[in-house]
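# Coordinate inspection notes
One-letter residues, chain by chain:
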Amino acid sequence: MTKTVLTVDDSRTIREMLRAALTEAGMNVLQAEDGVHGLEVLDGAMPDVIVTDINMPRMDGFGFIEAVRGSNKHRAIPILVLTTESVDDKKDRARRLGATGWIVKPFDPAKLVNAINRVAA
Amino acid sequence: MAAIKQTFFQECEEQLAELETGLLAIESEEHDADTINAVFRAVHSIKGGAGAFGLEDLVRFAHTFETTLDLVRSGQIQPDAGLIKLMLRSSDILADLVRISRDGGEMDEGRVSQIHDELTRAAQPGAAAPAAPAPAAPAFAPLPAVEAAGDDDFVPITISFDDLLGGGDPAPEEQVFVVSFRPKPELYAKANDAIKLLREIRALGDADVACDISEVPLLTELDPEGAYLSWTIRLGSNVTEAQVREVFEFVEFDCDVSVTAEPRVDPNFEFVPAPAAETRDAAPVLTEEGPLIPESVLAKIAQVNAEPAKASPAAAGQAQPTQQAQTTIRVDLDRVDRLIDLVGELVINQSMLSQRVTEAGIARLSEVAVGLDDLEQLTREIQDSVMAIRAQPVRPIFQRMSRVVREVADMVGKSVRLVTEGENCEVDKTVIERLADPLTHMIRNAVDHGLEKPEDRVKAGKPEQGVVRMTAAHRSGRVIIEVSDDGAGINRARVKEIAVKRGVIEPGVQLSDSEIDDLIFAPGFSTASTVSDVSGRGVGMDVVKRSIQALGGRISISSKPGLGTTFTLSLPLTLAVLDGMVVTVAGQTLVVPLTAIVETLQPKGPEVHGLGERAKVIAIRGTFIPLIDVGYKLGYRYEEADPLNSVAIMVESENRAQSALMVDGIIGQQQVVIKSLETNYGQVFGVAAATILGDGRVAVILDVDAIVAGNRS
């Protein structure tokens, strides 16, 4: 079955790369530009996996993960954190808030798809 | 990938603008927490994208910059004046690195490493600051080894992914791993799932999975969000232990997991069922299609699943993905140019139709004529809308100027503040692009020549810091850009002296103040003695003037001794069309740009006076204005026409002086499409461009300023 992935990232470049990589892998891609936008998109969608950035305007990745995990409808969706931060405390914070896993930028499309497949049902 | 790279560079430009705006706001203390966050994000974003494209230099510098910004963001270091200056210079370097990554070229390594070092030093004082992470793009995060959960002092073991994924290394010998895996409730709360991990393990080789259900309580005591199952897996595979551990990368803290390797003795090893400790029932064996969990447990889970709170994504139903409405689109500029060209043709065609209708003697109120009026209205609206597509705020170029001010001020040792106004003023993209060089030159001039040295300013009773002001505003269909400084003003005696020395004017000529000021624009005025390292570069204000004129613009100067100098640019909003007055001169049809025209009149006998041998002036409202016969000037006739049989078009040239252009008659007012004469033929005196009229004939568009100036000399 075609997997639907929601990507949340404020960088147009990264969004386009994610779209290219995921579409290539036969996945259905939804996109949002920040946490607030991400929640809006989730309002009408049920993706299989969410890939989110950390540093974003309006609502950052931490806030977004917290909000998704706190919602009844979406809390079971795996969330991968896509981040340039390899610093452990950031990763740790994301994990404590409920991130399912993480991918470090710059991402390798194959590894990204693997990670998504790993957490997707 | 190339398209995405283009997006990246576009985005970089935006991020750099954001960065600069933010830093300037911080400098002027008009910032809040969001500003520093935005600044941080801008650099962070550039770093992220640069990493994706393997732009190592850019990543390295952005990373160092980001580290410093992160300390500012978290309040560990305070952005004092010195640090802000350093950050602004860093943003300049970052902009250079972006440009070089895009266009190629050489970067001044010394400058980069100097700023790099300063940034690193700036990040030092905060002793509490976390050690800067490894610079350059991390190929992939070091993988922390799986440790006993709950152990907060775990030591990450660095394992390179390249090693994991084989590369050229020989495949490890097949061996057996015993994996014991006990998830905690947190694992499920994070949307991880034991079944997915087991699936991964099975993908690594021959797996024998045993589930321990001894912990499963009675249904009444079962917490639907609890974790009661654990597994023991015997995996026969030729992967490394690290690869097995990698499966648990995301869940290392949310489960108890151990991986032990048994060296394989017998190549035809057969699995021995795992001694399932504390197993209440016989451990079910996971086969390709077989159940992972005993049916009794499944039944329990099914019941639990019935509770709405535990609704799985699948159960909640697959909602149709919604498409987010897009507010902007990005279009290739070529397409817009093509559209503008087509609209230009439409305008020509419409005026041709209009002319034919008139020629055919159709009544003005006939349906055809009325329909044509509507068409004209529509054409104009289409044109305006198409022009609006290309319109862009002048902000980016204004922002670039703040950098110029900084650089020049540093170089000449002056303290300068750039004040900008009207950055949102919109102008055609082409006009903006072609403004960059003239503006840079004027700004350099303002800082280098316009402003006095700090000590002289103090002596003159002014604040030490000079102010350069740059404003943009729309005025009657044109954009007016002013560059002013609060310096000493033009030293007219000195200007005159230089002009005489350069042979620009004859010694002893009497000139008004504004005429002296205008000497600055004279070709040959700017030479060695006024050229400094900074503003000189062998280019004079005459070049600036020419490039502004090439844009269909005018430049003028005004100066007050001791108070400063102001350059005023008046520019068309677009380069594609202009409103013109179509006139006839010696049987030719010409177009006079409407923006230059003040009024038109029919000279009467008593108003026209001769002056000297040839020159004529016309008396209007108490002043005398020179009369210029356009036909004679352009060489259409050898004798000047009689002013009394001509129409005088009063025009205002760049220094606001008025002149009257004599033409034979006025046909009407019309919007014309500008076709560059220079591109298609070459530069001709007195001709700004050409256009195609409704009847298909080519008409030249007058360069009013050139004709007026030509009359003076």
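Further up the page is the structure itself.
Attention in this report is confined to the structure presented alongside it. (Residues numbered from 1 in each chain as written. Chains lettered and ligands numbered in written order. Predicted model: local features only at pLDDT ≥ 70, side-chain atom pairs only at ≥ 80, totals over all residues. Heavy atoms only, no water.)

## Brief notes about the overall build of chain A
Quick reminder of the rule: Counting from the N terminus, the helices are the DSSP runs of H or I reaching at least four residues and the strands are the DSSP runs of E reaching at least two. Contacts are assigned to residue pairs that have any heavy atoms within 4.5 Å of one another. Per-residue accessibility takes into account occlusion by the displayed protein chains alone, with areas from the Shrake-Rupley method and a 1.4 Å probe.
Check the secondary structure of chain A and you find five helices and five strands. Moving toward the C terminus, one meets the helices and strands of chain A in the order β-α-β-α-β-α-β-α-β-α. The contacts of chain A with a sequence gap of at least 6 include a subset with a gap of at least 24, amounting to 64%. Here chain A displays about 4,100 Å² of accessible surface, and carbon together with sulfur accounts for 47% of that area.

## Describing the pairing of strand β18 (residues 647-652) of chain B
All names here are of chain B. The test is simple: For every residue, the accessible area obtained with a 1.4 Å probe (protein chains only) is divided by the maximum for its type, and the residue is called buried under 20%, exposed over 50%, and partly exposed between those limits. Paired strands, in this sense, are two strands between which DSSP finds at least two bridges.
Along β18, five of the six residues are buried, which leaves the element largely enclosed by surrounding structure. Of the pairings in the sheet, the one linking strand β14 (residues 597-601) to β18 comprises four bridges and is antiparallel in character. Residue Leu601 lies in a different strand from β18, and its bridge partner there is Ala648. Across six bridges, the pairing between β18 and strand β19 (residues 658-663) is antiparallel. Its bridge partner being in β19, Ala648 is matched across the sheet by Met662.

## Some thoughts on unusual backbone geometry
Excluding glycine, a negative phi dihedral is what most residues carry, and trans is how most peptide bonds are arranged. Residues and elements named next belong to chain B. With a phi angle near 50 degrees, Ala586 is a residue other than glycine that sits in the positive phi range. Mapping Ala586 onto the fold places it in the loop between β12 (577-585) and β13 (588-593). Take Ala586: its relative accessible area is 30%, and that puts it in the partly exposed class. Phi at Arg621 is positive, roughly 45 degrees, even though this residue is not glycine. Using a relative accessible area of 68% as the deciding quantity, one classes Arg621 as exposed.

## Some points on the environment of B:His63
Residue and element names in this part refer to chain B. Quick note on the threshold: Each polar contact in these results corresponds to two N or O atoms within 3.5 Å; when the atoms are within protein, one needs to be able to donate a hydrogen and the other to accept it, and residues that are neighboring in sequence are counted only if both atoms are side-chain atoms.
For His63, the position within the fold is in helix α3 (residues 56-73). Residue classification places His63 among the buried residues on the basis of a relative accessible area of 10%. Sequence separation between His63 and His116 is 53 residues; the distance between their C-alpha atoms is 9.9 Å. Within the structure, the side chain of His63 is placed 2.8 Å from the side chain of Lys47, a separation counted as a polar contact.

## A word on the side chain of B:Ser230
Checked against the element boundaries, B:Ser230 lands in strand β3 (residues 230-237). Its relative accessible area of 6% is what places B:Ser230 among the buried residues.

## Focus: the pattern of salt bridges
Applicable threshold: Think of a salt bridge as a Lys or Arg side-chain nitrogen and an Asp or Glu carboxyl oxygen that are within 4 Å of each other.
In the structure shown here, the tally under the stated rule is 33 salt bridges over all chains. For B:Glu225, the salt bridge goes to A:Arg75, with nearest N and O atoms at 3.0 Å. Taken together, the residues span two chains, with B:Glu225 in the loop between β2 (206-212) and β3 and A:Arg75 in the loop between α3 (61-69) and β4 (79-83). Given the relative accessible area of 40%, B:Glu225 is considered partly exposed. Taking the relative accessible area as the measure of exposure, A:Arg75 reaches 23% and is therefore partly exposed. One continuous salt-bridge network, built from bridges that share partners, spans B:Glu20, B:Asp92, B:Asp96, B:Arg99, B:Arg403, B:Arg406 and B:Glu407.

## Focus on the sheet that holds strand β21 (residues 687-692) of chain B
Sheet strands line up and pair through hydrogen bonds in the backbone, either parallel or antiparallel. All names here are of chain B. As a reminder, the rule being used: Helix axes are fitted to C-alpha atoms over the stretch in contact, other axes to C-alpha atoms as well, and angles between N-to-C directions run from 0 to 180 degrees.
In space, the five strands of this open sheet follow the order β20-β12-β13-β22-β21, with mixed pairing throughout. Looking at which strands have only one partner, the edges of the open sheet turn out to be β20 (665-673) and β21. Across the sheet, the mean angle separating the axes of adjacent strands is 35 degrees when strand polarity is ignored. One ladder, built from two bridges, connects β13 with strand β22 (residues 698-702); its direction is parallel. Bridged to Leu590 within β22 is Val700. Across the face of the sheet, helix α11 (residues 333-359) comes into contact with β20 and β21 while running at roughly 150 degrees to β20.

## Things to note about the sheet that holds β2(B)
Residues and elements named next belong to chain B. Within the open sheet, the four strands sit side by side as β2-β3-β1-β4. Their pairing is antiparallel. The open sheet is flanked by β2 and β4 (255-262), the only strands paired with a single partner. Neighbouring strand axes in the sheet, compared pairwise and without regard to direction, differ in orientation by 15 degrees on average. Pairing between strand β1 (residues 175-183) and β4: eight bridges, direction antiparallel. By the bridge assignment for β4, Phe181 is matched with Val257. Running over the sheet, helix α8 (residues 194-204) touches β1, β2 and β3 and is turned about 15 degrees from β3.

## A closer look at the environment of B:Glu246
Residue and element names in this part refer to chain B. Looking at where Glu246 falls in the secondary structure, it is placed in helix α9 (residues 241-246). The class of Glu246 is buried, set by a relative accessible area of 14%. Between the alpha carbons of Glu246 and Ile201 there is a distance of 9.9 Å; along the sequence they are 45 residues apart.

## Comments concerning helix α14 (residues 429-450) of chain B
Applicable threshold: The span expected for a helix works out to 1.5 Å for each residue beyond the first. At every residue, the bend is computed as the angle between two fitted axes, covering the seven residues ending there and the seven beginning there respectively.
Taking 1.5 Å of rise per residue, the 22 residues of α14(B) would be expected to cover 32 Å, and the 29 Å separating its terminal C-alpha atoms lies within 8% of that figure. Of all the bends in α14(B), the greatest, near 40 degrees, is centred on B:Ala436, and the proline B:Pro438 appears no more than four residues after it.

## What about the packing of aromatic side chains?
Residue and element names in this part refer to chain B. Under the convention used in this document: In this scheme Phe, Tyr and Trp rings, the latter by its six-membered ring, pair at centre separations within 6.5 Å, and the angle between planes marks the pair as stacked below 30 degrees, edge-to-face above 60, and tilted otherwise. Think of it as a cone above the ring: NZ of Lys or CZ of Arg counts as a charge over the ring if it is within 6 Å of the ring centre and within 35 degrees of the ring normal.
Throughout the structure, instances matching the rule amount to six aromatic pairs over all chains. Ring plane angle 55 degrees and centroid distance 5.0 Å describe the contact between Phe181 and Phe248, whose orientation is recorded as tilted. You can see Phe181 sitting in strand β1 and its partner Phe248 sitting in the loop between α9 and β4, a full 67 residues away along the chain. Grouping residues by exposure puts Phe181 and Phe248 together as buried. Taking the centre distance of 6.1 Å and the plane angle of 75 degrees together, the rings of Phe521 and Phe567 count as edge-to-face. Here Phe567 lies in strand β11 (residues 564-572) and Phe521 lies in the loop between α17 (513-518) and α18 (541-550), a separation of 46 residues in the sequence. The pair formed by Phe521 and Phe567 is uniform in burial state, with each residue classed as buried. A network of ring pairs unites the aromatic residues Phe8, Phe9 and Phe53 as a single cluster. Here the guanidinium or amino end of Arg73 rests over the ring plane of Phe40, the centre of that ring lying 3.6 Å away.

## A closer look at the nonpolar core
Residue and element names in this part refer to chain B. Rules: In plain words, nonpolar cores are sets of buried Ala, Val, Leu, Ile, Met, Phe, Trp, Tyr and Cys residues tied together by side-chain atoms within 4.5 Å.
Within the largest apolar cluster, 110 residues are counted, with the highest numbers of intra-cluster contacts made by Leu94 and Phe181. With 10 residues, the top contributor of residues to this core is helix α4 (residues 81-103). Excluding residues that lie within four positions of it along the chain, Phe181 makes contacts with Leu187, Ala194, Leu197, Leu198, Ser230, Trp231, Ile233, Phe248, Cys255, Asp256 and Val257. Judged by nonpolar contacts, the second largest core, of 47 residues, contains Val394, Leu451, Val544 and Leu571.

## Let's talk about α3(B)
Working note: α-helix, 3.6 residues per turn, so residues spaced by three or four point in the same direction. Residue and element names in this part refer to chain B. In this model α3 runs 25 Å from its N-terminal to its C-terminal C-alpha over 18 residues, within 8% of the 26 Å that 1.5 Å per residue would give. For α3, a buried count of 13 out of 18 residues is recorded, marking the element as mostly surrounded by other parts of the structure. Positive phi shows up at Gly75, right after α3, with a value of about 75 degrees.

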